[in-house]
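As a plain string of letters, each chain reads:
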Amino acid sequence: MALTDEQIERYSRHIILKEVGAKGQKKLLNAKVLIIGAGGLGAPAAMYLGAAGVGTIGIVDADEVDLSNLQRQIIHGTADIGKAKVKSAKETINAMNPDVTVKTYRQFVTSENIMDLIADYDFIIDGTDNFPAKFLINDVMAKKPFSHAGIIRFKGQLMTYVPGEGPCYRCVFKNPPPKDAVPTCKQAGVIGAMGGVIGSLQAMEAIKYIIGKGDLLTGRLLTYDALKMEFHTIKLPKDHHCAICGDNPTIHELIDYEQ
Ligand code: ZN
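Residues numbered from 1 in each chain as written. Predicted model: local features only at pLDDT ≥ 70, side-chain atom pairs only at ≥ 80, totals over all residues. Heavy atoms only, no water.

With respect to the overall build of the chain
Step number 1: Along its length, the chain carries 10 helices and 8 strands.
Step number 2: Here the C-alpha radius of gyration of the chain, 18 Å, is about what a compact globule of 259 residues would show, namely 18 Å.
Step number 3: Counting only C-alpha atoms and orienting by the principal axes, one finds that the chain spans roughly 55 × 40 × 40 Å.
Step number 4: Taking all 259 residues of the chain together, 49% fall into the buried category.
Step number 5: Put simply, 63% of the contacts in the chain that link residues at least 6 apart link residues at least 24 apart. (Helix = DSSP H or I, 4+ residues; strand = E, 2+ residues; numbered from the N terminus. Rg over C-alpha atoms; globule rule 2.2 N^0.38 Å. Buried < 20%, exposed > 50% of the residue type's maximum accessible area, 1.4 Å probe, protein only. Contact = heavy atoms within 4.5 Å.)

Here's the deal with the environment of L216
Step number 1: Mapping L216 onto the fold places it in the loop between helix 10 (192-211) and strand 7 (220-225).
Step number 2: Looking at L216, the relative accessible area reads 16%, which means it is buried.
Step number 3: Discounting chain neighbours no more than four positions away, the residues touching L216 are T160, V162, E205, K208 and Y209.

Regarding a nonpolar patch on the surface
Step number 1: Taken together, the side chains of F154, I191 and L227 make up a nonpolar region of the molecular surface, amounting to roughly 280 Å² of accessible area.
Step number 2: With respect to the helices and strands, the residue F154 is situated in the loop between strand 5 (146-152) and strand 6 (155-161). (Patch = residues over 30% accessible without salt bridge, like charges linked within 9 Å, V, L, I, M, F, W, Y side chains within 5 Å. Areas by Shrake-Rupley, 256 points an atom, 1.4 Å probe, with all protein chains shown as cover. Salt bridge = Lys/Arg side-chain N within 4 Å of Asp/Glu carboxyl O.)

Quick notes on the nonpolar core
Step number 1: Counting 29 residues, the largest nonpolar core has V33, L49, V54, I59 and I125 as its most contacted members.
Step number 2: Where this core is concerned, the elements lending two or more residues are strand 1 (32-36), helix 4 (42-51), strand 2 (56-60), helix 5 (85-96), strand 4 (123-126) and helix 10.
Step number 3: In contact with V54, other than residues within four places in its own chain, are L28, A31, V33, L49, V100 and I210.
Step number 4: If you look at the next biggest cluster of nonpolar residues, it comprises 25 residues, including I36, Y121, A133 and I137. (Core = buried A, V, L, I, M, F, W, Y, C linked by side-chain atoms within 4.5 Å.)

Quick word on the coordination of the zinc ion
Step number 1: Bound to the zinc ion are the protein donor atoms C168 (SG), C171 (SG), C242 (SG) and C245 (SG), situated 2.3 Å from the metal.
Step number 2: Here the zinc ion binds 4 donor atoms, and the angle range of 91 to 121 degrees at the metal identifies the geometry as tetrahedral.
Step number 3: Donor residues binding the zinc ion come from one chain and are separated in sequence as C-x2-C-x70-C-x2-C. With C168 in the loop between strand 6 and helix 8 (169-173) and C242 in the segment after strand 8 (230-235), this residue pair connects regions lying 74 residues apart in the sequence. (Donors = N, O, S within 2.8 Å, 3.2 Å for Na, K, Ca; no water. Tetrahedral: all angles 85-135°; square planar, octahedral: opposite > 155°, others 65-115°.)

Focus: the packing of helix 4 against helix 5
Step number 1: Where helix 4 meets helix 5, the closest approach of the two axes is 9 Å, and the angle between their N-to-C directions is 25 degrees. The pairing of helix 4 with helix 5 is recorded here as roughly parallel in orientation. Both helix 4 and helix 5 take part in a crossing whose hand is right-handed. Facing A46, M47, G50 and A51 of helix 4, the residues of helix 5 in contact are T92, I93 and M96.
Step number 2: Classifying every residue of the contact of helix 4 with helix 5 by side-chain character gives 5 nonpolar, 2 polar and no charged. (Axes fitted to C-alpha atoms, helices over the stretch in contact; angles between N-to-C directions. Parallel < 35°, antiparallel > 145°, perpendicular 65-115°, else oblique. Left-handed = near helix turned anticlockwise from the far one by under 90°. Nonpolar A, V, L, I, M, F, W, Y, C, P; charged D, E, K, R; others polar.)

Some points on the sheet that holds strand 6
Step number 1: Overall, mixed pairing links the 8 strands, which are arranged 3-2-1-4-5-6-7-8 in an open sheet. In the strand order of this sheet, the two ends are held by strand 3 (101-105) and strand 8, each with one partner. When the angles between neighbouring strand axes are averaged without regard to direction, this sheet yields 15 degrees.
Step number 2: The sheet contact formed by strand 6 and strand 7 spans 4 bridges and is antiparallel. Counted as the bridge partner of G156 is Y224 from strand 7.
Step number 3: This element, helix 7 (residues 131-139), spans strand 1, strand 4 and strand 5 of the sheet and lies at about 165 degrees to strand 5. (Pairing = 2+ DSSP bridges.)

Description of the pattern of salt bridges
Step number 1: On inspection of all chains with the given rule, the structure shows 9 salt bridges.
Step number 2: As a salt-bridge pair, K18 and E19 come within 3.0 Å of each other at their nearest N and O atoms.
Step number 3: With a relative accessible area of 74%, K18 lands in the exposed category.
Step number 4: In this structure, E91 engages K83 in a salt bridge whose closest nitrogen and oxygen atoms are separated by 2.7 Å.
Step number 5: Exposure remark for K83: the relative accessible area of 22% places this residue in the partly exposed category.
Step number 6: One salt-bridge network, held together by shared partners, links D80, K83, K87 and E91.

So, in structure tokens, the structure goes:
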């Protein structure tokens, strides 16, 4: 299908890039990205993917917008307080770009629903803020690429998993930490712009995956320390003993870890 005149103008800064062009823009318009969590990471990721013309964006989140979210979850506004986050996010994306179909799933991810949720999507953005969800997203991803990210205080981290390439999240992090061993953003705080930096990088990974250009953050963990203003990438080996993607996987069913 040819791009309309309006689309040629809207996406002109993409189309002029040799790595994107009209062909890449059409790939974006045909792509489906699922964002799990419409919070600090999911908000900027969803907005940049929506603005980029990713044709179908799914958003999974069970929560309602709270006043304390607004310091970082920029897809929601003051008038949205009390509204389902998925609804608020959909309205923001639709107001920005009518090319995007936003599908909303007002639920938590669990071992029961995650297979159905991810089935139709090309790429998954892990914008969750808890370890049970992060391991669930990893463990089900045998066949789906995803971008993992985490943020707290002035720090962030990011890695991308593509099936058959490099280590998975469990190769690196093995098991969830004991309950309450790692503080949450609610307990420890986070600079709102951290979500903007890392969530935007997640959107960038999704876009590169869709257009098939550049090097993804596979086999590498990117860390960002805002106070020192330093980015580092650490090479991550695949763990051949990994319980999910190793030579002799020991986990054969999804696990709902206790939060
Ligand atoms: Zn693994």
